[in-house]
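# Results of the structural survey
What follows is each chain in one-letter form.
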Amino acid sequence: MKLKRLISAAVSFLVMLHPLLAQNKTPEFYSLAESPPMGWNSWDCYGPTVTEKEVKANTDYMAEKLKSFGWQYIVVDIRWYVENTKAQGYNQTDPVYCMDEYGRLIPATNKFPSSAENNGFKPLADYIHKKGLKFGIHLMRGIPVEAVKRNTPVKGTKHSAKDIYSEELQCKWLRDMYTVDASKPGAQEYYNSLFELYASWEVDYVKIDNLSRPYHQKEIELIRNAIDNCGRPMVLSTSPGATPLENAEHVKRHANLWRICDDFWDNWRYMAPMFELCKHWAPYSGPGHWPDADMLPLGRISIRGERGEERMTGFTTDEQFTLINLWAIFRSPLMFGGDLPSNDDFTLSLITNKDILKVNQSSSNNRELKNENGLIVWTADIPNSKDRYVAFFNSNDKESEAISVKMKELDLNDNAIATDLWSKEKETVKNGKFTKKIAPHASAIFRLSQNL
């Protein structure tokens with residue numbers, strides 16, 4: 001009897017422990033983004049109006065010039081399902097939605113001709129996959145308002161759109177969708193039907209908008225369940241920010257990447273807050289789960305965009321280096337926002353520096369080391385090496401200033417060799433201190449190696 005009681009107690013303990021063990025298990029979807037995803041997104045240059053022809057042109061460029069450097073995702077951003085949307089603000093007066101009989105949005109054939117005859121995005125995905133790249137789409141959280149008006153059925157259930165929607169927390173800036181109420185029967189099945197459709201299109205990546213502010217925990221869980229059960233691996237990116245820091249543990253257990261800021265544009269006033277945001281979010285980065293500092297508004301942007309007129313990026317040369325250096329050492333996902341075929345040689349050089357991309361893709365223990373009145377030092381470890389990466393940023397507006405780091409702060413001996421990751425120039429560090437003069441809004445990034 002005593003043995004039976006012991007066995008019974010042990011079983012009860014294991015049953016109690018099971019949820020904790022499951023919670024600590026590494027999610028399988030982490031394997032889809034062991035390093036920060038790198039790709040192109042149509043938003044910064046085409047807003048909601050990108051066409052199939054433009055997507056293919058950017059695909060061709062990436063396949064030819066960027067794939068060998070690790071760039072791989074082609075992402076069609078917002079409102080691909082509206083026939084008459086417009087740039088510089090959405091058409092919310094008389095939008096013409098494209099939708100199937102189950103209330104699921106489908107591509108507008110006037111913008112994506114290959115989607116005709118119920119093909120969806122499968123032909124475009126095939127084109128991208130044949131180039132050795134991966135395909136992604138943007139979605140809005142929820143169920144279409146138009147589906148609720150039509151009361152479309154939820155596929156495979158006795159429920160319909162009116163059974164699962166809520167007008168609470170409807171997106172304020174785009175009124176296409178209602179909330180899906182996770183407590184309602186049919187809610188999970190609706191999301192399941194969406195990802196069943198996307199899996200049939202062979203989608204590899206989904207960016208889902210209006211999830212982060214406020215933080216829609218229940219709907220994120222519906223989405224995670226639907227992806228996990230759709231039969232196709234898909235990277236999940238939640239957007240936009242700022243994701244609340246208090247939800248960091250939840251979001252990292254449900255998404256591969258999540259936005260830490262609102263839309264990021266090509267002006268220093270958007271750049272200035274990123275240093276502090278990156279500092280706070282760095283501890284939550286790791287294989288499979290990446291805080292996302294948003295897209296790179298570089299090259300030719302706003303061709304039919306949402307912020308300003310058509311232009312080459314408004315960032316100065318120094319600011320462009322600072323953007324790339326911070327995103328690299330913070331290990332943000334890298335999503336290029338400009339029109340790739342329009343790149344000049346300088347823009348191409350910014351995104352094909354193998355040493356900088358290596359910082360982004362494979363460094364570890366990335367962190368802000370110090371911030372002394374806007375003079376900022378970041379560092380990171382290098383796998384299988386005692387070397388360190390170190391980056392200097394002058395976030396101030398007016399004067400060039402000297403930024404220093406002591407070798408003991410990097411766990412290095414006093415003498416080292418500093419290699420500039422952009423110029424490839426080397427210099428000897430003596431007396432245990434490395435100092436560089438950095439212009440306002442500028443930066444520099446180095447690999448420091450022990451000089452034995």
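Right, let's walk through the structure included here. (Residues numbered from 1 in each chain as written. Predicted model: local features only at pLDDT ≥ 70, side-chain atom pairs only at ≥ 80, totals over all residues. Heavy atoms only, no water.)

## Focus on the pattern of salt bridges
Selection criterion: Any Lys or Arg side-chain nitrogen located within 4 Å of an Asp or Glu carboxyl oxygen qualifies as a salt bridge. Only DSSP runs of H or I with at least four residues qualify as helices, and only runs of E with at least two residues qualify as strands; both kinds are numbered from the N terminus onward.
By the definition in use, this model includes 26 salt bridges. One salt bridge in this structure joins Glu202 and Lys122, with 3.8 Å as the shortest N-O distance. Of the two residues, Glu202 sits in the loop between α7 (187-200) and β7 (205-209) while Lys122 sits in helix α4 (residues 122-130), which places them 80 residues apart along the sequence. Within the structure, one salt-bridge network assembled from shared partners comprises Lys122, Asp126 and Glu202.

## Some details on the packing of helix α3 (residues 52-66) against α4
Selection criterion: The angle between two axes is taken between their N-to-C directions and runs from 0 to 180 degrees, where each axis is a line fitted to C-alpha atoms and a helix contributes only its stretch in contact. Throughout this description, any angle smaller than 35 degrees is read as roughly parallel, any larger than 145 degrees as roughly antiparallel, any in the 65 to 115 degree range as roughly perpendicular, and the remainder as oblique. If you view the pair so one helix is near and one far, a crossing is left-handed when the near helix is turned anticlockwise from the far one by less than a right angle, and right-handed when it is turned clockwise. Contacts: residue pairs with any heavy atoms within 4.5 Å of one another. For this scheme, ten residues count as nonpolar: Ala, Val, Leu, Ile, Met, Phe, Trp, Tyr, Cys and Pro. Four count as charged, namely Asp, Glu, Lys and Arg, and the remainder, Gly too, count as polar.
Packing of α3 against α4 leaves a shortest axis separation of 10 Å and a crossing angle of 15°. Taken together, the axes of α3 and α4 are roughly parallel relative to one another. Taken as a pair, α3 and α4 cross one another with a handedness that is right-handed. Touching Glu52, Val55, Lys56, Thr59 and Asp60 of α3 are Leu124, Tyr127 and Ile128, all from α4. Considering only residue class, the contact of α3 with α4 consists of four nonpolar, one polar and three charged.

## Here's the deal with the packing of aromatic side chains
Put simply, the test is: Within 6.5 Å between ring centres, the rings of Phe, Tyr and Trp (the latter by its six-membered ring) count as paired, and their orientation is classed by plane angle as stacked under 30 degrees, edge-to-face over 60, tilted in between. Burial status follows relative accessibility: with a 1.4 Å probe on protein chains alone, a residue under 20% of its type maximum counts as buried, one over 50% as exposed, and anything between as partly exposed.
All chains considered together, the criterion is met by 26 aromatic pairs. A centroid spacing of 5.1 Å and a plane angle of 65° characterise the contact between Trp80 and Phe121, whose relative ring orientation is edge-to-face. Of this pair, Trp80 sits in the loop between β2 (73-76) and α4 while Phe121 sits in the loop between β2 and α4, and the two are 41 residues apart along the sequence. One exposure class covers both Trp80 and Phe121, and it is buried. Aromatic side chains Trp281 and Tyr284 sit 5.6 Å apart centroid to centroid with 65° between the ring planes, which places their arrangement in the edge-to-face category. When its relative accessible area of 2% is taken as the criterion, Trp281 is described as buried.

## A few points about helix α14 (residues 354-362)
Think of an α-helix as 3.6 residues a turn; residues three or four steps apart then line up on the same face. Quick note on the threshold: Directions drawn from the helix axis to the C-beta atoms are what define this arc. Each polar contact in these results corresponds to two N or O atoms within 3.5 Å; when the atoms are within protein, one needs to be able to donate a hydrogen and the other to accept it, and residues that are neighboring in sequence are counted only if both atoms are side-chain atoms.
The complete set of buried residues in α14 reads Ile356, Leu357, Val359 and Asn360. Burial along α14 is one-sided: seen end-on, the buried residues are contained in an arc of 150°. Buried positions along α14 lie against β1 (38-41), α12 (317-330), β13 (334-336), β16 (388-394) and β21 (443-450). For α14, the N-terminal cap is Asn353; the gap from its side-chain oxygen to the backbone nitrogen of Asp355 is 2.9 Å.

## Let's talk about the sheet that holds strand β5 (residues 165-166)
Put simply, the rule reads: Only strands joined by at least two bridges in the DSSP assignment are considered to pair.
Read from one edge of the open sheet, three strands run β4-β6-β5, paired in antiparallel fashion. Each of the sheet's edge strands pairs with one partner strand only, and the pair in question is β4 (143-144) and β5. The pairing of β5 with strand β6 (residues 177-180) spans two bridges and is classified as antiparallel. Residue Ser166 lies in a different strand from β6, and its bridge partner there is Thr179.

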